[in-house]
Amino acid sequence: MGLFERYLSLWVFLCIVVGIALATVLPGLFGFLASLEYASVNLVVAVLIWAMVYPMMVAVDLGALKGVGKRPKGLVITLVVNWLIKPFTMAALGVLFFNYIFADLINPADAGQYIAGLILLGAAPCTAMVFVWSQLTKGDPNYTLVQVSLNDVIMVFAFAPIVALLLGVTDLNVPWETLVLSVVLYVVLPLAAGVITRTRLMAQGGETAVTAFTARIKPTSVLGLLLTVVLLFGFQGNVITGNPFLIVLLATPILIQSYGIFAISYFWAFRWRVPHNVAAPCALIGTSNFFELAVAVAIGLFGLNSGAALVTVVGVLVEVPVMLSLVWFANRTRERFPA
């Protein structure tokens, strides 16, 4: 790893500080950038995430996808954790912290809103950023694509029933525009671009040309990650500086859930002797969240200034630092897994 990649966590921390500082100095600019969205998907962030995802998509070999089914363990782990464990443990943590542990530190009337926000985060596994985390852990691009695609298909059918069950609502309207647009922007389009690029590179120089190309554009992916961090923290700079203690309270169950879900998935993959290039992305998919969908539903159900919407925003803020720490841990423990 080069000097820049080796200290990626430091650069991310500096970008967090820069984002909050710029939001204070240039609130109008960040307000304008935040307004450039459609169906709760910010178009500027979408372009940056696309830049992060595209290099990994170039490495996807469509001809090798059929071999993924011969290694089902990684798929079993991610599906069980994402849909049978994660939403319910997140709801349980919400009740534990906001009805009991933090009951004297928050307005009791807001407890239900905070729990609802956690449930929305827990029921929406990641679609886009997981490709970045997979790339940083040298994950199998073909397997990661199948894992994400399966979760997206299940989300179409399972997200609304699970959220309705845990929230106790019957008139839940899933923002299909947000869901479909995100999948198209973060999976379909970069995959199509990656396949076209890979086909041309293979015709020119085979795998050697593909490897050389992805190495050249990898800095673009990292730059996209850092600029995304600046924007995300810039968009919510006023929230962070306005009530930092509340942000810490809301982040606590999210952090516990994130590290707990990763531990379950990663240890399960270790016990099943799943190769590291499948085990690491498998665990990271369950840990990260589809925050665009969670934010959109929270706003639709409870309003823009609701406690539920605030929790989903906090989920966005803690995700990158948490995921980078888990990427570091996964890379440090690579040798414990079968090759």
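Residues numbered from 1 in each chain as written. Predicted model: local features only at pLDDT ≥ 70, side-chain atom pairs only at ≥ 80, totals over all residues. Heavy atoms only, no water.

What follows concerns the overall build of the protein. Along the protein, the regular secondary structure elements total 14 helices and two strands. The C-alpha atoms of the protein give 19 Å as radius of gyration, which agrees with the globular expectation for 339 residues (20 Å, within 12%). Taken over the C-alpha atoms alone, the protein extends approximately 60 × 45 × 35 Å along its principal axes. In the protein, buried positions account for 54% of the 339 residues. Contacts in the protein between residues far apart in sequence, at least 24 positions, make up 86% of those at least 6 positions apart. Charged side chains of the protein number 16 positive and 13 negative; the gap between the two group centres comes to 18 Å. (Helix = DSSP H or I, 4+ residues; strand = E, 2+ residues; numbered from the N terminus. Rg over C-alpha atoms; globule rule 2.2 N^0.38 Å. Buried < 20%, exposed > 50% of the residue type's maximum accessible area, 1.4 Å probe, protein only. Contact = heavy atoms within 4.5 Å. Lys, Arg positive; Asp, Glu negative; His and termini not counted. Charge placed at Lys NZ, Arg CZ, Asp CG, Glu CD.)

Turning our attention to helix 2 (residues 8-25). One turn of an α-helix holds 3.6 residues; hence residues three or four places apart share an orientation. With 18 residues, helix 2 extends 25 Å between its outermost C-alpha atoms, agreeing within 8% with the 26 Å of an ideal straight helix rising 1.5 Å per residue. Every buried residue belonging to helix 2 is among Leu8, Val12, Cys15, Ile16, Gly19, Ile20 and Ala23, and all of these are buried. Down the axis, helix 2 shows its buried residues gathered within 130 degrees of arc, on one side only. Along helix 2, exposed side chains directed more than 90 degrees from the buried face belong to Phe13, Thr24 and Val25. (Expected span 1.5 Å × (residues − 1). Arc of directions from axis to C-beta.)

Bringing the pattern of salt bridges into the picture now. The full count for this structure, using the stated rule, is two salt bridges. One salt bridge in this structure joins Arg71 and Asp140, with 3.1 Å as the shortest N-O distance. On the criterion of sequence distance, the pair formed by Arg71 in the loop between helix 4 (43-58) and helix 5 (73-101) and Asp140 in the loop between helix 7 (130-136) and helix 8 (141-167) is long-range, its members being 69 residues apart. With relative accessibility at 11%, the residue Asp140 sits in the buried group. (Salt bridge = Lys/Arg side-chain N within 4 Å of Asp/Glu carboxyl O.)

Just geometry here; none of it tells us what the structure is for.
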